[in-house]
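Results of the structural survey
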Amino acid sequence: MVAYILSILAAVGAVALTALLFRRVKTAGEDRDPNGPSAAHAGAMLSAMFLLVFAIAIIVPWTTADAARLNTHAESQSSVDAYWAASGLPGSAPEEVRRSLRDYVAFVVKDEWPLMAGGHMHPVGDERMDDLRGRVNALQPRDDGEEDAKATVLEHISAISTARAQRTADAGATPPDGLLILTVLTGVLVVVFPFLAGARPRGLAMLPLVATAALIGFGTYLTWDISRAFDGPLAVGPDAFRGALEEFARISGGM
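Residues numbered from 1 in each chain as written. Predicted model: local features only at pLDDT ≥ 70, side-chain atom pairs only at ≥ 80, totals over all residues. Heavy atoms only, no water.

1. Quick notes on the overall build of the protein
Within the protein one finds 8 helices and 0 strands. Here the protein, with 255 residues, has 32% of them falling under the buried criterion. Long-range contacts, defined here as pairs at least 24 residues apart, represent 79% of the contacts in the protein between residues at least 6 apart. Surface accessibility of the protein: about 15,000 Å² in total, with carbon and sulfur atoms responsible for 64%. (Helix = DSSP H or I, 4+ residues; strand = E, 2+ residues; numbered from the N terminus. Buried < 20%, exposed > 50% of the residue type's maximum accessible area, 1.4 Å probe, protein only. Contact = heavy atoms within 4.5 Å. Areas by Shrake-Rupley, 256 points an atom, 1.4 Å probe, with all protein chains shown as cover.)

2. Here we look at the UniProt feature "transmembrane region" (unreviewed entry) in the protein
UniProt's entry tags residues 6-22, 43-62, 178-197 and 204-224 with the feature "transmembrane region" (unreviewed entry), counted in the numbering of this structure. The straight-line gap between the two end C-alpha atoms of residues 43-62 is 28 Å; of that span, 100% is helix and 0% is strand. For residues 178-197, helix accounts for 95% and strand for 0%, while the C-alpha atoms at its two ends are 26 Å apart. (UniProt positions renumbered as here; feature names shortened; annotations may be inferred.)

3. Topic: the nonpolar core
Among the nonpolar cores identified, the biggest contains 39 residues, and L89, V97, L101, V136, V153 and F230 are the most heavily contacted of them. The set of elements that each furnish at least two residues to this core consists of α2 (37-85), α3 (93-116), α4 (123-137), α5 (144-172) and α8 (239-254). A per-element tally of this core places α3 first, with 10 residues. Leave out the neighbours within four places in its chain, and V153 touches A82, A85, A86, L89, V97 and V136. (Core = buried A, V, L, I, M, F, W, Y, C linked by side-chain atoms within 4.5 Å.)

4. Some words on helix α6 (residues 177-196)
It helps to recall that an α-helix has 3.6 residues per turn; residues three or four apart then point in one direction. Here α6 spans 27 Å end to end across 20 residues, near enough to the 28 Å set by a 1.5 Å rise per residue. Those residues of α6 that fall on the buried side of the exposure criterion are L179, L180, T183, T186, G187, V190 and F193. G198 sits one or two positions beyond α6 and adopts a positive phi of about 110 degrees. (Expected span 1.5 Å × (residues − 1).)

5. Focus on α4
Its 15 residues give α4 an end-to-end C-alpha distance of 22 Å, which sits within 8% of 21 Å, the value for a rise of 1.5 Å per residue. Of all the residues in α4, the buried ones are G125, M129, L132 and V136. Across the axial projection of α4, the buried residues extend over an arc of 65 degrees, all falling on one side. For α4, the exposed residues set more than 90 degrees away from the buried face come down to P123, E127 and D130. On its buried side, α4 packs onto α3 and α5. (Arc of directions from axis to C-beta.)

6. Notes on the side chain of T72
Of note, T72 is situated in helix α2. Here T72 falls in the buried class, since its relative accessible area comes to 1%. Excluding its chain neighbours within four sequence positions, the residues that come into contact with T72 are W113, R167, F230, V236, A240 and F241.

7. Details of the pattern of salt bridges
Tallied over the full model, the rule gives 9 salt bridges. For E112, the salt bridge is made with R164, and the minimal N-O distance between the two is 2.6 Å. Placement of the pair is E112 in helix α3 and R164 in helix α5, with a sequence separation of 52 residues. Overall, R164 belongs to the buried group, its relative accessible area being 2%. Across the salt bridge formed by D239 and R242, the nearest N and O atoms sit 3.3 Å from each other. In this pair, D239 and R242 are both assigned in helix α8, 3 residues apart and thus about one turn of the helix distant. By relative accessible area, R242 is classed as partly exposed at 41%. (Salt bridge = Lys/Arg side-chain N within 4 Å of Asp/Glu carboxyl O.)

8. Section: the packing of α3 against α5
Two elements in contact, α3 and α5, have axes whose closest approach is 14 Å; the angle formed by their N-to-C orientations is 5 degrees. On the basis of the axis angle, α3 is roughly parallel to α5. In this structure, α3 uses V97, L101, Y104, V108, E112, W113 and M116 to contact α5, whose residues at the interface are V153, I160, R164, R167 and A171. Partitioning the contact of α3 with α5 into residue classes produces 9 nonpolar, no polar and 3 charged. (Axes fitted to C-alpha atoms, helices over the stretch in contact; angles between N-to-C directions. Parallel < 35°, antiparallel > 145°, perpendicular 65-115°, else oblique. Nonpolar A, V, L, I, M, F, W, Y, C, P; charged D, E, K, R; others polar.)

Next comes the structure, spelled out in structure tokens:
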């Protein structure tokens, strides 16, 4: 933060020094016109800065939500794969493992997803996965087929845990605070700049400014509203996990 403040002060100082030097040049004239080169240059640069910051503030949450959506499909698919592979486990383990997988996926949909909108995960989810991994790891296979089934189930459980860790990171991910602040600041400057430059619009001339202010205000609010992957207009839903529950039912019905 100190470096940012120093860079701003350095830029302001450079402008002040340049203005002081050019005031001593006899051929230099004053530029008080709202349509003059100073105002035109500053206005263009402010607009470009706002567009740049606004684009970053939109693209970062968009790509985060997109990646989070793909990750939920990877996690749910690993759950389905583990459900299939559990059929080769010894004794009563297939029923127990499948029941645990159904309970975990249902827990994610009903209990955990609402918390993720606020950037949090339910601690019970990790406990469920650790318990399932421990129970599968403790199984004693009687032949090579059961040994292969155990290894496959553990592999899929590991994939579920990895995807869950990524989902945890996605739930807590937000754009840098400074980015949202800079979006608001540049948006305000773009709106008030014509007045700072000396323009005094009246009547119908105010309509474009009002429309611009409304659109910038909406866009700035949008950057805040989509800042979390599991909340807002771009929110990732638990559709992949609901699909996994349907697949569990289909597999159980077909066995």
